[in-house]
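Topology and contacts: notes
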Amino acid sequence: QVQLVESGGNLVQAGGSLRLSCAVSGSIFSINAMGWYRRQTPGKQRELVASITSGGSTTYADSVKGRFTISNDNAKNTVYLQMNSLKPEDTAVYYCNAAIERRRYLSAQNYWGQGTQVTVSS
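What comes next concerns the included structure. All of these numbers come straight from a predicted model, not from anything done at the bench. (Residues numbered from 1 in each chain as written. Predicted model: local features only at pLDDT ≥ 70, side-chain atom pairs only at ≥ 80, totals over all residues. Heavy atoms only, no water.)

1. Quick notes on the state of the cysteines
According to the stated counting rule, one finds 1 disulfide in the structure shown. Between the sulfur atoms of C22 and its disulfide mate C96 the distance is 2.1 Å. Disulfide C22-C96: the torsion about the S-S bond is -85°, which places it as left-handed. Highlighted residues: C22 in strand β3 (residues 18-25) and C96 in strand β9 (residues 92-101), separated in sequence by 74 residues. On the accessibility criterion, C22 (0% relative accessible area) is buried. For C96, a relative accessible area of 0% gives the class buried. (Disulfide = S-S within 2.5 Å. Helix = DSSP H or I, 4+ residues; strand = E, 2+ residues; numbered from the N terminus. Buried < 20%, exposed > 50% of the residue type's maximum accessible area, 1.4 Å probe, protein only.)

2. A closer look at the sheet that holds strand β8 (residues 78-83)
Read from one edge to the other, the open sheet built from 4 strands follows the order β1-β3-β8-β7, with strand pairing classed as antiparallel. Each having just a single partner strand, β1 (3-7) and β7 (68-73) make up the two edges of the open sheet. Direction aside, neighbouring strands of the sheet carry axes that sit 15° apart on average. Here 6 bridges tie β3 to β8, and the two strands are oriented antiparallel to one another. Directly across from C22, in β8, lies its bridge partner V79. (Pairing = 2+ DSSP bridges. Axes fitted to C-alpha atoms, helices over the stretch in contact; angles between N-to-C directions.)

3. Things to note about the pairing of β8
Judged by how many residues are buried, β8 sits mostly within the fold: 5 of 6 residues are covered. Bridging between β7 and β8 involves 6 bridges; their strand directions are antiparallel. Following the sheet pairing, N72 is matched in β8 by V79. What sits between β7 and β8 in their antiparallel hairpin is a turn of 4 residues, with N77 showing a positive phi close to 50°.

4. Looking at the pattern of salt bridges
By the definition in use, this model includes 4 salt bridges. For R38, the salt bridge goes to D90, with nearest N and O atoms at 3.0 Å. Taken as a pair, R38 in strand β4 (residues 30-39) and D90 in the loop between β8 and β9 lie far apart in primary sequence, 52 residues in all. D90 is the partner of R67 in a salt bridge, and the nearest nitrogen-oxygen pair spans 2.7 Å. (Salt bridge = Lys/Arg side-chain N within 4 Å of Asp/Glu carboxyl O.)

5. A few points about the nonpolar core
By size, the foremost hydrophobic cluster in this structure holds 29 residues, and its most contacted members are L4, W36, L81, M83 and Y94. When residues of this core are traced back to their parent elements, those giving at least two are β3, β4, β5 (47-53), β7, β8, β9 and β11 (116-121). A per-element tally of this core places β9 first, with 5 residues. (Core = buried A, V, L, I, M, F, W, Y, C linked by side-chain atoms within 4.5 Å.)

6. Digging into the environment of R39
Locating R39 in the fold gives a position in strand β4. R39 sits 78 residues away from Q117 along the chain, and the two C-alpha atoms are 9.7 Å apart. Non-local contacts of R39, meaning those with residues more than four positions away in its chain, are made with K44, R46, A92, V93 and Y95. Within the structure, the side chain of R39 is placed 2.7 Å from the backbone oxygen of K44, a separation counted as a polar contact. At 3.4 Å, the side chain of R39 forms a polar contact with the side chain of Y95. (Contact = heavy atoms within 4.5 Å. Polar contact = N/O pair within 3.5 Å; in protein donor to acceptor, adjacent residues only side chain to side chain.)

Take a look at the structure:
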């Protein structure tokens, strides 16, 4: 059973920082990419915040460029999201996502974490 376990969500004042972590557990062959999404309003679609491939290529939403940094530790199957200069509009449930090959030659599948709440007060 593959699981993504997130941590690091919290309440923080505007201008502050948080670091989210997401670790993949279970039997897998490889992780092709990992990323962070967020849902700011219940019922609203999740939006991509940042993603990183196993090779280290990164993508960021325009709204977080220059403030957030995504990184990974391939040896630990873990992805991090360093969030600086947080704004009230960053308040959301943040979800970890991973494209995982469970066995060699099998197509990668998407897996999601349970979500972690980030609240930024003004």
